[in-house]
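Overview (structure and organization)
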Amino acid sequence: MSRPSPQTERLIDLVDLLASAPTEEFTLADIARAAGLGKPTVHPMVVALARRGWLLRDPGTRTYRLGPALVAAGRAAAEGNPVLTAARPVVRDLAAATGLVCVALVAGGVPGEEDDLVVGEIADPADDRRPSAPTGQRWRGHPRGLRPGDRIPPRPPLGAVQVAWSDPETIDRWLDRLDAEQRGDAAGELAPALAAIRERGWALEVGDQLRERLGRLVADFDADQRNAEHAAALRRVLTEIGRAFGVTETLPTAISPDGQYRASVVNAPVFDAAGGVAVVLCLLCVREGHRVPLRTGAEIVALGTRLRASAESLTHGLGGRWPPPFA
């Protein structure tokens, strides 16, 4: 694994901080406080970014905000990725049609590390009604706290639509992201779920409410070192629940129209010309911090059918091909 560069990460964190509240301005003290650094450390970074046009300084208020150089960089990034350019209107149309947040994920590995999924585009039908984020904070109401550029490790069940059409070796590498106790016989247990995904052309992930609530509690406790002992205990409970509610339960094989499911995410793959997954389209059925809603199987099938139709249309537009099921 490549070694991190603290100075580089601080610069990126600084830009992320200002991007999290684009309508606000920050003093040097605001930036230092939010970054957890001293002003002498932050000052040269701010000056360097301002000289390159990445930040703008208001001489009257002595505050900083994102600069025009980032606009040019953003436009170049958008134009330089034809897959995301093609996916962007599809993602927005899906969000508008379903009333759900839609996300496009693309592969984006880091040299020397396992490939992760990267958030390429987010469309949220509630964006127009959302107030600006508090100073220096990521907007907590945003779906799962996601932002474009965030990396997501495809740890099972996430990534099922990526590997459902793959050979057994690729599926095994995906399952190797599980811990040893969860790994077990997961390949054999998940085979019916992956076959169902190939048949439907989309995947449903269901949530376990208790596990999600405990996960949020662990994160809250971890934020305060005084609660380390409680966090460790909760993490042990969470591990036990994870063993009882494994990945096979998260990816239901059959979806009964009359049944009720705590739908978390509905995913569908977009394929390239070689039959590989170019994009994963995701409809998020739950927001960060909210209860996982109960939906009927008929509602979920309708979402999955619409998502697959959009994925097939985008596949065709990209000159891709839907691969045959892997036997």
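Residues numbered from 1 in each chain as written. Predicted model: local features only at pLDDT ≥ 70, side-chain atom pairs only at ≥ 80, totals over all residues. Heavy atoms only, no water.

1. Considerations on unusual backbone geometry
The omega angle of the peptide bond from Pro156 to Pro157 is 10°, so this bond is cis rather than trans. When you line up the elements, Pro157 lands in the loop between strand E5 (151-152) and helix H6 (160-163). Backbone geometry places Arg62, a non-glycine residue, at a positive phi of 55°. Along the chain, Arg62 turns up in the loop between strand E1 (55-58) and strand E2 (63-66). A relative accessible area of 58% means that Arg62 is categorised as exposed. (Helix = DSSP H or I, 4+ residues; strand = E, 2+ residues; numbered from the N terminus. Buried < 20%, exposed > 50% of the residue type's maximum accessible area, 1.4 Å probe, protein only.)

2. Points about helix H13 (residues 297-317)
With 21 residues, H13 extends 30 Å between its outermost C-alpha atoms, agreeing within 8% with the 30 Å of an ideal straight helix rising 1.5 Å per residue. Within the span of H13, buried status applies to Gly297, Ile300, Leu303, Gly304, Leu307, Ser310, Ala311, Leu314 and Thr315. Looking down the long axis of H13, one finds its buried residues gathered within 155° of arc, a one-sided arrangement. Opposite the buried face of H13, by more than 90 degrees, sit the exposed residues Ser313, His316 and Gly317. (Expected span 1.5 Å × (residues − 1). Arc of directions from axis to C-beta.)

3. Let's talk about the packing of helix H1 (residues 6-19) against helix H3 (residues 39-51)
In contact at an axis separation of 11 Å, H1 and H3 are set at 70° when each is read in the N-to-C sense. As far as their axial angle goes, H3 and H1 are roughly perpendicular. The handedness of the crossing between H1 and H3 is right-handed. Here Gln7, Arg10, Leu11, Leu14 and Val15 of H1 lie close against H3, whose contacting residues are Thr41, Val42, Met45, Val46 and Leu49. (Axes fitted to C-alpha atoms, helices over the stretch in contact; angles between N-to-C directions. Parallel < 35°, antiparallel > 145°, perpendicular 65-115°, else oblique. Left-handed = near helix turned anticlockwise from the far one by under 90°. Contact = heavy atoms within 4.5 Å.)

4. Some details on the pattern of salt bridges
Enumeration according to the criterion identifies five salt bridges in this entry. Of the charged contacts in the structure, one is a salt bridge between Arg65 and Glu25, with a shortest N-O distance of 3.2 Å. Separated by 40 residues along the polypeptide, Arg65 in strand E2 and Glu25 in the loop between H1 and helix H2 (28-35) bring together distant segments of the chain. What makes Arg65 partly exposed here is its relative accessible area of 31%. The exposure class assigned to Glu25 is partly exposed, which follows from its relative accessible area of 31%. In this structure, Arg88 engages Glu121 in a salt bridge whose closest nitrogen and oxygen atoms are separated by 3.0 Å. With a gap of 33 residues between them, Arg88 in helix H5 (residues 82-98) and Glu121 in strand E4 (residues 117-123) connect regions that are remote in the sequence. Through salt bridges that share partners, Arg88, Arg92 and Glu121 make up one connected network. (Salt bridge = Lys/Arg side-chain N within 4 Å of Asp/Glu carboxyl O.)

5. Thoughts on the packing of H5 against H13
As a packed pair, H5 and H13 sit with axes 11 Å apart at the nearest point and diverge in direction by 160°. The orientation of H5 with respect to H13, classified from their angle, is roughly antiparallel. When you trace H5 past H13, the crossing you get is right-handed. Taking contact as the criterion, the partners of Ala86, Ala87, Val90, Leu94, Ala97 and Thr98 in H5 are, on H13, Leu303, Arg306, Leu307, Ser310 and Leu314. Its residues assigned to classes, the contact of H5 with H13 shows eight nonpolar, two polar and one charged. (Nonpolar A, V, L, I, M, F, W, Y, C, P; charged D, E, K, R; others polar.)

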